[in-house]
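Results of the structural survey
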Amino acid sequence: MGMSVTISVATEQDVEQIFRLQYLCFQSEAALYGNYRIDPLVQTFDSVRQEVASDCVYVARLGDEVVGSVRGSVTEDGAAAIGKLCVHPRLQGHGIGARLLRAAESALAEERGATRFRLHTGHRSEGNLRLYRRVGYETVGTAKGADGVPMIVLEKPAGAYAQTA
């Protein structure tokens, strides 16, 4: 490839690429559940813009192209809700998702005071579950997404974020 993938804080200039990448990446999740109304596919451009402005959002770049992203925010109970982790299909399986998680976890703990990390994924999303478990997340429960998809909820303590390095 000749270029390295870099991880950095997302900016307003990244919003359009994040929006398009999210739509591309979550097509496979939608197909897995036969539900094309999952949140990442129906989220508006303005909503993505708002998250980039207010939340902890990181991107993976290959040159000028955004090839991955993740978002997180600290909830009232001190947990960091991490979501919409995605990596361009052509670059999956190279550790970019774990690097994005590590960057978000580090910032959420050190800059925003998160005491633990929480995320969720669809119950059939075996690849996602493998990644999350490999980097220290454990199943703590289940939930149903607003779109009706059964979700597995995973958490890990904030002190464990170094495991994803």
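These remarks concern the structure in this document. The structure displayed is predicted, hence computed values, not measured ones.

Focus: the sheet that holds strand S3 (residues 65-74)
Reading across from one edge, S1-S2-S3-S4-S5-S7-S6 is the order of the 7 strands in this open sheet, with mixed pairing throughout. For this open sheet the edge positions go to strand S1 (5-9) and strand S6 (138-144), each flanked by a neighbour on one side alone. Neighbour-to-neighbour, the strand axes of this sheet turn through a mean angle of 25 degrees, independent of strand direction. Bridge analysis of strand S5 (residues 116-122) against strand S7 (residues 150-157) gives 7 bridges, and the strand direction is antiparallel.

Here's the deal with the pairing of strand S4 (residues 79-87)
Burial within S4 is extensive, with 7 of its 9 residues counted as buried. Summarising the sheet, S3 and S4 pair through 6 bridges and their orientation is antiparallel. Paired with Ser-69 across the bridge in S4 is Cys-86. Hairpin geometry of S3 and S4 is characterised by an intervening segment of 4 residues between the two adjacent antiparallel strands and by a positive phi of about 85 degrees at Gly-78. Pairing of S4 with S5, which is carried by 3 bridges, proceeds in the parallel orientation. Across the sheet, residue Ala-80 finds its bridge partner in S5, namely Phe-117. Crossover S4 to S5 through helix H5 (residues 96-110) is right-handed.

Re the nonpolar core
Leu-101, Phe-117 and Tyr-137 are the most contacted members of the largest nonpolar core, which has 32 residues in total. Broken down by secondary-structure element, the contributors of at least two residues to this core are strand S2 (56-62), S3, S4, H5, S5, helix H6 (126-134) and S7.

About the cut-offs
Residues numbered from 1 in each chain as written. Predicted model: local features only at pLDDT ≥ 70, side-chain atom pairs only at ≥ 80, totals over all residues. Heavy atoms only, no water. Pairing = 2+ DSSP bridges. Helix = DSSP H or I, 4+ residues; strand = E, 2+ residues; numbered from the N terminus. Axes fitted to C-alpha atoms, helices over the stretch in contact; angles between N-to-C directions. Buried < 20%, exposed > 50% of the residue type's maximum accessible area, 1.4 Å probe, protein only. Right-handed = clockwise from strand over helix to strand, strands pointing away. Core = buried A, V, L, I, M, F, W, Y, C linked by side-chain atoms within 4.5 Å.

By themselves, these observations are geometric and do not establish any function.
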